[in-house]
Structures are given as C-alpha cells and as structure tokens.
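# Results of the structural survey
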Amino acid sequence: MASELSNAAIAEALEELGDLYELDGAIVHRVVAYRTGARAVREAPVSVAGLAREGRAVELSGVGATLQEKILALLHTGTIPAAEKLRARIPPGLIELTRLPGLGPKRARLLHSELGIESLAALREAALAGRLRTVRGLGAKFEEGVLSSLERGVAERRAPRLLLPKALALGEALADGLIERGGAGTQVLVAGSARRLADSVKDLDLVAVTTKPTTLARSLAKLPEIESVPSAGRAGAKATTHSGVSVDLRIAKPAQLGNLLQHFTGSGKHNAALREAAVRRGLHVSEYGVLDDATGTTRTCASEADVYALLGLAYIEPELRESRGELGAAATGAIPELIETADLRGDLHCHTVASDGRDTIEQMALAARELGYEYLAITDHSASHGFGDDVSPDQLRRQIELVREADAQIDGIKLLAGSEVNILPDGSLDYEDELLAQLDWVIASVHTAFSMGERAMTERMIAAIEHPLVDAIGHPTGRKIDRRAPYALDVGAVIEAAARTGTMLEINANPDRRDLNDIHARAAARAGVSILIDSDAHGVERLSEIRWGVATARRAWLSADDVANTRSWEEFARMRKRTRASTDT
DNA sequence: GCCGTTTTCGGCCCGACTGTTTTCAGTCG
C-alpha cells in the first residue's frame, strides 16, 4: 500500500493539461480527450497510480498510451513535461479569464495575442479604457458584459449547489404550482440531475406538456418561489428563485415528450455518448426527435422508452445515465433491476436518547415497524464520542437490557442491541471485546482525527475491518457533500479488506453524506462486499431518509440482491461476520 | 488523444443563443 498520488491529484493534473492545450489552440477533440481521461481517473475505484505502474491504466476507458505515459511521468518526476512547456508559453491568468461567462478559450487567446491581457486585472483595465471593442470580432456589448461580470464578482464566486432533498422539494413545489395554473391535461416533470438523484444539483430543469404553452410559461412568474423570469414564450421559460436557483422550464408537444424529457434529464455525457453511438447506426438524436439518414425522416417519441427502443436499447433508468457503461449494458440486456426502498427489511444504524438521538428505543421501534421493517438495530455512539453524549460501558450494559426488554414488549419487529463504535486513531475500538461480544450488531465508524495521512488512515480502517466483532463500517469515507472532503483513504484497499473478511460496508443515507458514494458502492459490490443501506436516523422522522441511500445504491447499479438488509432477519443474521466465523469452521 | 458488430485511420452529438456580422464564430448546456 504505497502512499502516492491520489486519483484526484492525477485527474487535476490532466484537467490542467487539457486547459493549457485548449488555450494553446489544440483541436477540441484532443482537449476533450484529456477531460474524459481526467474523469476516468477521478472515478476509478482503484489507485490509478498503482494501475499505471503496472501498465494497466490503459484499461480505463478514456485513457490511452499517451495519457498513461503522462501519468507515469507525473508519478516519477512530480510533473508532466508537456505541461511545463505549455506553462512557459501560456500565462496562468488566462485560465482565470475563461471563468467569465461568454469568455472561452478562443477569446482568451484573442485578448492575449491582440491586447497582451494575461490577468483579470488587466482585463478590467482594458475594458474600462474601451480597448476590448477595438478587437475584431468583439464589440461594445462584449465589453459591457465583461465589466458587469467583473463588478458582480462572477469569476470568484462559486455558484451554490442544492442538496438533492431540497432540489427535489423545490422542483416538486414548482411543478405542483404550474400544474394548478396550467389547466386540464397539464403535466410537469422534474428532469436534469435532480431526476437522476445526484448528490446535489446546480439548477432545476422542468419539462411540461400543456394545451396552453404561453400561459403556462407566463404563470411561472406567479409562483411564490420565483423572483424573476427574464424570458418566457411558447417553448418555455427561464427563471430564478428567491434563493438564487436557476430554473429552466421547457414545454413539449405530447408526441415529443419522450425526446425532450430524455434530453433534459441528461447527463450531458450520457447524451453525447448516446448520440455518438446513434450516428454509427445512421441516426441523429436531438430533443426534438430521431432523424434517420436512410429515410430522411424524423421520428418523435411520446415516451423515453420509445427513444431508447428506436436506438436498439433497453430502457435506462435516469440514475444510470452518467456514461458509466449503461449504453453497452442496455444494448446487451445487462441493465440490472435496481433496488427500491420497499425492498429494505431492516435498518442497522440509528440513535436514541442514550446518545445524541431525540427519541427513545420504543419510539424508534414503533416508527420502524410503521415503515414495514422486520428488524432495527439500536446503535448509539460509544464511550469516547466526545460530544458529551457518550455511552459508558456500564451505560451500554444497561442499554442492552433496555433493548431486550423493548424487544420482548413490542410485537412485529426484531430489535437488535448494537453500537456505533468509534474507531480510534490506532484502529482499536473503544469498548472491550467482552462487552462487544454481548451485542447483536456492531457498526464501527471514524469520528475523530480525520486529518491523518492516507497510509495511516487506511491501516486504521483495515484494523477495524479485521476485528472479528465488527460487522460493518459506517460512513466509510467521512465526506459531507459539497462541504467536507472524504478523509485520505485508499478505498480500494478498504474494499479488498471488507471482501476478504466478510465485513459489510454501509451506504449511510443521511442526505449530507450518502457515504459510500455511488462509484465506491458499485466497486464494493462488484468486489463481493455486502452493502448495507442505513438511515443513521437521530429521530423517528429521519428513518425515512433511507430513500437517499437507496438513490445512491441505484446510481451504483445495485439490485436488491447486492444489499444485505433486503434479506429477512433469519438470512441477515447468518450474514453477520460473527455468525459466519462460528459456522464456517 | 481515443477508439473500432462498417474503421488501426479518420472520424469524434446537437441545438440555442449572442453578438457580431452579411453568413458565422464562439460559448453554453
């Protein structure tokens, strides 16, 4: 387990090289190749540095011999020679210029060659002096646009992203409002990354069918969530909410709903790959229909399934549309039947008033039973949680009794006495084995010392995985979506250890976490790891947040069979490491 | 630079919008 460059660091270097080539005037396909390669590296479930050293990075789709060579140079010398050469020629400030809307690589090059501009400060100065409009191809409007963007600080400000629950709630509120005002037969659907159940979204896409398109587009402005509607017409409207979220409403003819919904659900990469594959069959896909070269006619589709069928593909669920192999699978009938929330029969991670939860064992049990669960593990934090809500060994012994009593009193659901045990920095746990052995279920998590190095953190995690009384690892990477990076961890090594020891890995369904993420969960399941989906609920109303974990599981291509807690209690009980250990011998 | 149920070379999605232009280039999603 050598500690070397992370996939993220390699991907960043390839991205930068792509940016530099673009500013150098390379053909767009070459630039796209670097960006595709960077994405393949970032999403690889194993260490790409390791792969490259074995000459196997070329196995990643989008990485060829040239990129592998550049990755190796980066590993050996800390830099890529081609990037060094380009950096000597292209001022670093030019990349900054392309952050302004309407200013891409071509214009950045033009401004550099014509006016010698190499920074945002120089750009501002030239715009104030009225020199931008003197460049052939640029004019007064462009100059005004640049100044206004600079005034608003567009280049520095990162657009806020909405976590999925908020995005869907907003999308559904807008859809309901439009349906109410659109009259009979109006249909409004949430599309875009929200429909694909991504971790977070940048803006909202709505697709509608109505008999009165102009009226519907104008009625968007009347919704309480909407602040402004800069444009509205028969085809749709663009708007901004009071919270600053961009909303794009597109209106389809019923016969074209499938085409438009498919297009606006994306992802962009899925659509690009879909269209490239279609072109090889003489078909041209757009949001309006599918043009057939052979007949010269355009076919429209009322449903998305029809669009995929026209291309010879099985229907692809929105969650899979990320250009991660779904087109090949749809062509060969290999799209899995994705897990649904109703498949889950138990929740193995929740908290009560014994630690930092808000409700009692009984309240959690009744709420879980109401959701249709057959079993629930009570897993309060362990002794050293450190937020004043720790459970001492004696308190845990008492808690075990309380869970047993509740289990005896409450019918229709099996209650497990468990704990979410801290993994200490050295990989040990903070209860004695004698006490852990009295529990029905142990999930181990990292809650402290996030900033240790990758090697130490990976060893820490693997030590916990190898502990015979640890059934599962909770929120394995510690990330908080858009807020906190995962801790440095060799996830490939963690997956290997989990598969080897029969330790389950959790998809924590808290919508701030969704950890494991979709890519890691897919890799873990492929490696033979049993996946768990848990709510980590700290109150009865949060148990239903399990749906966000299911969303991640679906994006990870998981079917019910890949997820341990879709099993009955009898089957699940046998899958626990402690039971396997005693029956395997 | 990558890639192949037409190819190891010659392709590499599609359309809207904008601003600058007399037919289009650049940018964006």
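This text follows the structure it describes.
Thresholds applied
Residues numbered from 1 in each chain as written. Chains lettered and ligands numbered in written order. Predicted model: local features only at pLDDT ≥ 70, side-chain atom pairs only at ≥ 80, totals over all residues. Heavy atoms only, no water. Helix = DSSP H or I, 4+ residues; strand = E, 2+ residues; numbered from the N terminus. Buried < 20%, exposed > 50% of the residue type's maximum accessible area, 1.4 Å probe, protein only. Contact = heavy atoms within 4.5 Å. Areas by Shrake-Rupley, 256 points an atom, 1.4 Å probe, with all protein chains shown as cover. Near = heavy atom within 4 Å. Polar contact = N/O pair within 3.5 Å; in protein donor to acceptor, adjacent residues only side chain to side chain. Nonpolar A, V, L, I, M, F, W, Y, C, P; charged D, E, K, R; others polar. Pairing = 2+ DSSP bridges. Right-handed = clockwise from strand over helix to strand, strands pointing away. Core = buried A, V, L, I, M, F, W, Y, C linked by side-chain atoms within 4.5 Å. Salt bridge = Lys/Arg side-chain N within 4 Å of Asp/Glu carboxyl O. Arc of directions from axis to C-beta. Phe/Tyr/Trp six-rings, centres within 6.5 Å; stacked < 30°, edge-to-face > 60°. Lys NZ or Arg CZ within 6 Å of the ring centre and 35° of its normal.

Take the overall build of chain A next. The secondary structure content of chain A amounts to 25 helices and 17 strands. With the C-alpha coordinates of chain A rotated into their principal frame, the extents come out at 80 × 65 × 50 Å. Counting only residues that meet the buried cut, chain A has 52% of its 585 residues in that class. Restricting to contacts in chain A with at least 6 residues of sequence separation, those with at least 24 account for 67%. Carbon and sulfur atoms provide 51% of the accessible area of chain A, an area that totals close to 25900 Å².

Our next topic: the protein's contact with DNA strand B. Taken together, 37 residues sit near DNA strand B, with G62, G64, G104, G139 and H284 positioned nearest. Of everything in DNA strand B that lies within 4 Å of the protein, sugar and phosphate atoms constitute 79%. In the environment of DNA strand B, a phosphate oxygen lies 3.4 Å from a nitrogen or oxygen atom belonging to the backbone of F142. The class makeup of the residues in the surface near DNA strand B is 17 nonpolar, 11 polar and nine charged.

What follows covers the pairing of strand β17 (residues 531–534). The alternating pattern of β17 places I531 and I533 and L532 and D534 on opposite faces, both of which are buried. As paired elements, strand β16 (residues 504–508) and β17 share four bridges and run parallel to each other. Counted as the bridge partner of L505 is I531 from β17. Between the parallel elements β16 and β17, the chain passes through helix α22 (residues 518–526) in a crossover that is right-handed.

Glancing now at the nonpolar core. In this structure, L376, M461, I473, L505 and I533 are the most contacted members of the largest nonpolar core, which totals 64 residues. The biggest single contributor to this core is helix α21 (residues 491–501), with six residues. Residues contacting L505, with those up to four places away along its chain left out, are I473, V494, I495, A498, L516, A524, V529, S530, I531 and L532. The next biggest cluster of nonpolar side chains, apart from the first, holds 51 residues, and it includes L86, I90, L120 and V146.

For the rest of this paragraph, the subject is the pattern of salt bridges. Applying the stated criterion across every chain yields a total of 42 salt bridges. Here D440 and R404 are joined by a salt bridge, their closest N and O atoms 2.8 Å apart. Residue D440 is located in the loop between α19 (433–436) and β14 (441–445), and its partner R404 is located in helix α18 (residues 393–409); the two are separated by 36 residues in the primary sequence. The class for D440 is buried, based on a relative accessible area of 18%.

Here we take up the sheet that holds strand β11 (residues 346–347). Spatial strand order, β11-β12-β13-β14-β15-β16-β17: seven strands in an open sheet with parallel pairing. This sheet does not close on itself; its edge strands, each paired only once, are β11 and β17. Sheet topology note: the β11/strand β12 (residues 375–381) ladder contains two bridges and is parallel. Within β12, the position partnered with D347 by the bridge is L376.

Time to look at the pairing of strand β13 (residues 414–422). Counting buried positions along β13 yields eight of nine residues, so the element is predominantly enclosed. Relative to β13, β12 runs parallel, the two sharing seven bridges. Along β13, the bridge assignment pairs I378 with A417. Where β13 lies against β14, five bridges are found, and the strand directions are parallel. For N422, the partnering residue across the bridge sits in β14 and is S445.

Okay, helix α17 (residues 361–370) next. Within the span of α17, buried status applies to I361, M364, A365, A367 and A368. Looking straight down α17, one finds its buried side chains confined to an arc of 165°; they lie on one side. Contacts from the buried residues of α17 go to β12, α18 and β13.

Structurally, G25 is set in the loop between α1 (7–23) and α2 (28–43). Among the residues examined, G25 registers a relative accessible area of 43% and is labelled partly exposed. As a C-alpha pair, G25 and V201 span 176 residues in sequence and 32 Å in three-dimensional space.

With respect to the secondary-structure elements, A217 resides in helix α12 (residues 213–219). Residue classification places A217 among the buried positions, given a relative accessible area of 0%. Sequence spacing of A217 and A11 is 206 residues, and the spatial spacing of their C-alpha atoms is 41 Å.

Given two aromatic rings, one states the distance between the centres and the angle between the planes to describe the pair. Taken as a whole and judged by the stated rule, the model has seven aromatic pairs. An angle of 90° between the planes, with centres 6.2 Å apart, marks the rings of Y308 and Y315 as edge-to-face. Using a relative accessible area of 0% as the deciding quantity, one classes Y308 as buried. Members of the aromatic cluster, each reached through a chain of ring pairs, are Y375, W441, W569 and F572. The ring of Y21 is capped by R30, whose NZ or CZ atom sits 4.1 Å from the centre of that ring. A cation over a ring is seen here: R522 above W557, with NZ or CZ 4.0 Å from the ring centre.

Right, let's get into helix α5 (residues 81–89). Residues of α5 that are buried: A82, A83 and L86. Along the axis of α5, the buried residues cluster in a sector spanning 95°; they form a single face. In α5, the exposed positions that point more than 90 degrees away from the buried face belong to P81, K85 and A88. Of the surrounding elements, those touching the buried residues of α5 are α1 and α4 (65–77).

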